[in-house]
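Okay, here's what each chain looks like letter by letter:
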Amino acid sequence: MWLVVGAPGLPAAGRRLARSAGALCRWCSQASQRDTIFALSSGRGKCGVAVIRTSGPSSGLALLRLTGTKKLPLARSVALHRISDPESSEMLDRGLVLWFPGPGSFTGEDVAEFHVHGGPAVVSGVLTALGSLPRLRLAEPGEFTKRAFQNGKLDLTEAEGLGDLIHAETEGQRRQALRQMDGDLGRLYRHWSDALTKALTHIEAYIDFSEDDNIEEGVLSQVEATVQILEKELRAHLQDGRRGERLRDGVHVVIAGPTNAGKSSLLNHLCQKPAAIVSPVAGTTRDVVEAALNIGGFPVVLSDTAGLRDTDDTVEKEGVSRARERVRSADLLLVVLDAAEMAQQPGQLVSTLQGILPPDQPDGAPPSLLVLNKSDLLGGQGRAELLGACSQQGLPPTCLLSCRTGDGLPSFLNTFREQLSHMCGDPLLASPSPTQARHRLSLTKCLEALGRFAQHRHLDLALAAEDLRQARRLLGQLTGQVGAEEILTLIFRDFCIGK
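All values derive from a computational prediction rather than experimental measurement.

(A) Local environment of the overall build of the protein chain. Across its full length, the protein chain carries 18 helices and 12 strands. When burial is assessed residue by residue, the protein chain has 45% of its 499 residues classed as buried. Long-range pairs, those at least 24 residues apart, make up 69% of the contacts in the protein chain between residues at least 6 apart in sequence.

(B) Region of interest: the side chain of E109. Mapped onto the elements, E109 comes out in the loop between β4 (91-100) and β5 (111-118). Excluding its chain neighbours within four sequence positions, the residues that come into contact with E109 are R34, S55, G56, F100, P101, G102, R147 and N151.

(C) Representation of helix α10 (residues 263-271) within the structure. Burial within α10 is extensive, with seven of its nine residues counted as buried. Taken together, the buried residues of α10 touch β7 (251-256), β8 (289-295), β9 (298-304), β10 (332-338), β11 (368-373) and α15 (409-424). A positive phi of about 60° marks Q272, the residue just after α10.

(D) Spatial organisation of the packing of helix α8 (residues 219-238) against helix α16 (residues 437-456). Where α8 meets α16, the closest approach of the two axes is 10 Å, and the angle between their N-to-C directions is 150°. On the basis of their axis angle, the class for α8 and α16 is roughly antiparallel. In the crossing of α8 with α16, the sense of the turn from one axis to the other is left-handed. On α16, the residues touching V223, E224, V227, L230, E231, L234, R235, H237 and L238 of α8 are R440, L443, T444, C446, L447, L450, G451 and F453.

(E) Region of the structure containing the environment of L395. Note on placement: L395 falls in the loop between α14 (380-392) and β12 (398-400). For the pair L395 and S368, spaced 27 residues apart in sequence, the C-alpha separation works out to 9.6 Å. Non-local contacts of L395, meaning those with residues more than four positions away in its chain, are made with L349, V350, L353, L370 and C390.

(F) Looking closely at the sheet that holds β10. The strand order across the open sheet formed by six strands is β8-β9-β7-β10-β11-β12, and the pairing between neighbours is mixed. Pairing within the sheet leaves two strands with one partner each, and these edge strands are β8 and β12. Direction aside, neighbouring strands of the sheet carry axes that sit 25° apart on average. The strands that helix α13 (residues 349-356) touches are β7 and β10; relative to β10, the one it contacts most, it runs at about 135°.

(G) How the structure looks around the packing of aromatic side chains. Summed over the entire model, instances satisfying the criterion amount to two aromatic pairs. Sitting above the plane of the F144 ring, R53 keeps its charged end 5.5 Å from the centroid.

(H) Fine view of the pattern of salt bridges. Here the structure, examined in full by the defined rule, presents 31 salt bridges. E224 serves as the salt-bridge partner of R457, at 2.8 Å between the closest nitrogen and oxygen. Within this pair, whereas R457 is found in the loop between α16 and α17 (461-479), its partner E224 is found in helix α8, the two being separated by 233 residues in sequence. One salt bridge connects D240 with R440, and the closest N-O pair in it is separated by 3.0 Å. Of this pair, D240 sits in the loop between α8 and α9 (243-249) while R440 sits in helix α16; the two residues are 200 residues apart in sequence, bridging distant segments of the chain. Note on D240: relative accessible area 13%, which makes it buried. Within the structure, one salt-bridge network assembled from shared partners comprises R34, D35, E109, R135, R137, E143 and R147.

Calculation notes
- Residues numbered from 1 in each chain as written.
- Predicted model: local features only at pLDDT ≥ 70, side-chain atom pairs only at ≥ 80, totals over all residues.
- Heavy atoms only, no water.
- Helix = DSSP H or I, 4+ residues; strand = E, 2+ residues; numbered from the N terminus.
- Buried < 20%, exposed > 50% of the residue type's maximum accessible area, 1.4 Å probe, protein only.
- Contact = heavy atoms within 4.5 Å.
- Axes fitted to C-alpha atoms, helices over the stretch in contact; angles between N-to-C directions.
- Parallel < 35°, antiparallel > 145°, perpendicular 65-115°, else oblique.
- Left-handed = near helix turned anticlockwise from the far one by under 90°.
- Pairing = 2+ DSSP bridges.
- Phe/Tyr/Trp six-rings, centres within 6.5 Å; stacked < 30°, edge-to-face > 60°.
- Lys NZ or Arg CZ within 6 Å of the ring centre and 35° of its normal.
- Salt bridge = Lys/Arg side-chain N within 4 Å of Asp/Glu carboxyl O.

So this is what it looks like as structure tokens:
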């Protein structure tokens, strides 16, 4: 069969099937020659139980050699065994072993697991014993997940979701990662890819057979309708306010305002530790001080910045410049002002705020919360009048608080959480969002290709078909149906070694 793959008489479909079958045979041959990998899959350090995992064709042999038995345990069942060095027969530990024959395993290959006591000496002894066996080697970072992807157990978005789940630090991140690992994002992208495949098939059939009158009328109209629907869905998917990326990487929140307004005090309250120096001397903060926080289940990268003012001090001037740059790139601004000063000049609120917000931003100024600190210096009437002035002037959501006494901080935190919830949304509701920059880049290029299709549709159908082919290729890169080795390397390098 394989000798006639290139024969002119063989139909195109037959040639494609032969090539696919040949590729499958080559892959099976390569899989049988693969090294078996092993690694510590649980966390490092002293612990009650450590999990050491192998994957590959020699996993069964490794299990037999370390347990000293002649028969593999029942699949997916736990068995208690002595675990010994295969060369010296010295007992290393007594632990549980599990056997997962491929393809019914995480990687799709034969997998063995050793659950041993988590002391460093025990773990080191078992790893050394595995390394002494032929065709076994220590796994590279992310190699178990990479093999699962290569064996069709996960698509690329699911693998990314697994990596995000491992690194998740907040409830929002965990929920989004679980949804992506469950395949919601991949199914959406495959649905679009399938729609493009069908449209491309129709337009290529029209190019090849339209002169024979074998093509139904309206085929091109159906293709156009499909592309228009897909364009609309892609555009809506991209216009999500970067919710998925913000939830994955953290919302960049910048504390900005004039000197001595209490910015560093607010940072210390939110961090619940003295992260920044607080002093009555104006201009104490010269550089950007960052802290990663969990605010109501949402990840936040909080930056305290130098007070914004004109200065002749070279170092402070650089700090102000960096503060301005952070303000321009912020997802959310916490504008901190001195409530006592603003109460004396409420008409200056708007101009003061405008002096802090970045001018002439293409997408407009980032959303902001107005924080009026030092409320303990005002009486009850002064506070009410100041809040009334803020309301009348149409300022952003305003919080009146005192970092010295803590008054007003719970209300501020509630407002802060609501703003973060609005920006990140609930990852379990509505359509899944792009979670990485590569998703947004590929989808943007795909949208551009679909736009070119509309231009070429009435000029050259061959060019229009190539536009659809390129759009489909870009969608395929998202799930790994079409991929490049450098993309895979970037994705899997962030995994831990045992995953």
